[in-house]
Amino acid sequence: MSSIRVIEYQSPVGELILGDYNEQLCLCDWKYRTQRGQVDTRIQKILNARFETEETPFLKEVISQFDAYFDGSLKEFDIPLIFAGTSFQERVWNELMKIPFGETVSYLQLSERLGDANAIRAVASANGANAISIVVPCHRIIGSDGSLVGYAGGTRAKKKLLELEGAITDSQMVLEF
């Protein structure tokens, strides 16, 4: 069985767990999300690997890029990724990667980009299953009415990320709790 090297990273918007699988980021997720166990089990099963706490040179580089992102000097990550999901989830996550820094789209718009406006619930579910937060920018997905909904890190973290990217100002969004 292979290993996924994991460490914790305290970001300005919440604590993340980072995972290195053969120098590819397989995990960058909120430590206290409700589905923590399900996400971890899925990743370990698909990659046939187990978590081991260990800082690696790759994870140090990931942290360096996150620090640059949070200080405003990095707009696009350059980190090799490996997804652990269904083919549909991976299609959704790849589409999320096309949303530029500082922009948002609605769940409906994302569904339309994937070719099926009626798949909005499945798209929202795949968005919620994303285990590589921020790098795969699921925080850039908002409700059709502009509300901040459905984020594993919580709506406060989502709001802070979108403000950091200049996608919203404090007066633009309504938080949904």
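Residues numbered from 1 in each chain as written. Predicted model: local features only at pLDDT ≥ 70, side-chain atom pairs only at ≥ 80, totals over all residues. Heavy atoms only, no water.

Before going further, it helps to examine empty space enclosed by the protein. Empty space among the atoms can be located by rolling a probe the size of a water molecule over them. All told, the structure shown has 2 cavities of 30 Å³ or more when counted by the stated rule. Here the largest cavity is characterised by a volume of approximately 50 Å³. In terms of lining residues, the largest cavity is bounded by C26, R42, I43, I82, F83, A84, W93, N130, A131 and I132. The residue inventory of the lining of the largest cavity, partitioned by class, reads 8 nonpolar, 1 polar and 1 charged. (1 Å grid on protein atoms, 1.4 Å probe; cavity = no way out; pocket = protein on both sides within 12 Å on 5 of 7 lines; lining within 4 Å. Points joined across faces, edges and corners; volume = space filled by probe spheres on them. Nonpolar A, V, L, I, M, F, W, Y, C, P; charged D, E, K, R; others polar.)

The next thing to look at is the pattern of salt bridges. Any two side chains of opposite charge can pair, so long as their charged atoms come close to each other. Overall, the coordinates contain 11 salt bridges when judged by the stated rule. E8 serves as the salt-bridge partner of K31, at 3.0 Å between the closest nitrogen and oxygen. In this pair, K31 is assigned in the loop between β3 (25–30) and α1 (36–47) and E8 in strand β1 (residues 2–11), connecting sequence segments 23 residues apart. Here E8 falls in the partly exposed class, since its relative accessible area comes to 46%. With a shortest N-O distance of 2.9 Å, D29 and R33 are connected by a salt bridge. On the basis of relative accessible area, R33 is assigned to the buried category, the value being 7%. (Salt bridge = Lys/Arg side-chain N within 4 Å of Asp/Glu carboxyl O. Helix = DSSP H or I, 4+ residues; strand = E, 2+ residues; numbered from the N terminus. Buried < 20%, exposed > 50% of the residue type's maximum accessible area, 1.4 Å probe, protein only.)

Turning our eyes to something else, we now look at the layout of surface pockets. The volume enclosed by the largest pocket comes to roughly 220 Å³. Lining the largest pocket are 14 residues, with E76, F77, M97, V135 and R140 sitting closest to its centre. Here the lining of the largest pocket is composed, by residue class, of 11 nonpolar, no polar and 3 charged.

Right, let's talk about helix α6 (residues 155–164) for a bit. Listed as buried for α6 are T155, A157, K158, K159, L161 and L162. Buried positions along α6 lie against β3, α2 (57–70), α4 (107–113) and β6 (141–142). G166 sits one or two residues past α6 and shows a positive phi near 75°. (Contact = heavy atoms within 4.5 Å.)

With that settled, the discussion passes to the pairing of strand β2 (residues 14–20). Burial runs high along β2: 7 of the 7 residues are buried. Note that β1 and β2 share 7 bridges and pair antiparallel. Bridge pairing in β2 places R5 opposite D20. Taking the residues that link successive antiparallel strands as the turn, the β1-β2 hairpin has 2 residues. Both β2 and β3 contribute to a ladder of 5 bridges, which runs antiparallel. Following the sheet pairing, G19 is matched in β3 by L27. In this structure, the hairpin formed by β2 and β3 is closed by a connection of 4 residues, where N22 is found at a positive phi of approximately 55°. (Pairing = 2+ DSSP bridges.)

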